[in-house]
Amino acid sequence: QVQLVESGGGLVQPGGSLRLSCAASGRTFSVYKMGWFRQAPGKEREFVAGIIWKGGIGNYADSVKGRFTISRDNAKNTMYLQMNSLKPEDTAVYYCAARGQGSAAYDYWGQGTQVTVSS
């Protein structure tokens, strides 16, 4: 099992920045890829960004490219999402997730952290 805990959400004005963190514990040696997802009220959960845990290669949804940056610190077993130039449409609950190399889907999920972009 892998446990994931997000932090760093909050209220920010449009154009502002936030950095989310996701601390992993448990069988972290089994993690192949981690990602950030979000779900806005009344909408389906969507992929935001993902990163290969040991390789550091990231990929992004088109809606956040150039504004968000995913990174990880293996020594701290922590993944980050730096969010810049935030827009009201970025408002959502953000979740971090992890999966093993043999998994087609994300197996482990955090509890989520609320991000609200509003003036």
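Residues numbered from 1 in each chain as written. Predicted model: local features only at pLDDT ≥ 70, side-chain atom pairs only at ≥ 80, totals over all residues. Heavy atoms only, no water.

Participant: Any chance you could break down unusual backbone geometry for me, citing the residues and the numbers?
Facilitator: Trans is the common state for peptide bonds, and a negative phi is the common state for residues other than glycine. In this model, asparagine 77 sits at a positive phi of 50°, which is unusual for a non-glycine residue. With respect to the helices and strands, asparagine 77 occurs in the loop between strand S7 (68-73) and strand S8 (78-83). Residue classification places asparagine 77 among the partly exposed residues on the basis of a relative accessible area of 24%. (Helix = DSSP H or I, 4+ residues; strand = E, 2+ residues; numbered from the N terminus. Buried < 20%, exposed > 50% of the residue type's maximum accessible area, 1.4 Å probe, protein only.)

Participant: If you had to explain the state of the cysteines to someone new, which residues and values would you point to?
Facilitator: Within this structure, the stated rule accounts for 1 disulfide. With its sulfur 2.1 Å from that of its partner, cysteine 22 forms a disulfide with cysteine 96. Here the disulfide of cysteine 22 and cysteine 96 is right-handed, its torsion about the S-S bond being about 55°. In this pair, cysteine 22 sits in strand S3 (residues 18-26) while cysteine 96 sits in strand S9 (residues 92-100), placing the two residues 74 residues apart along the sequence. Taken individually, cysteine 22 and cysteine 96 each receive the classification buried, so the pair is uniform in this respect. (Disulfide = S-S within 2.5 Å.)

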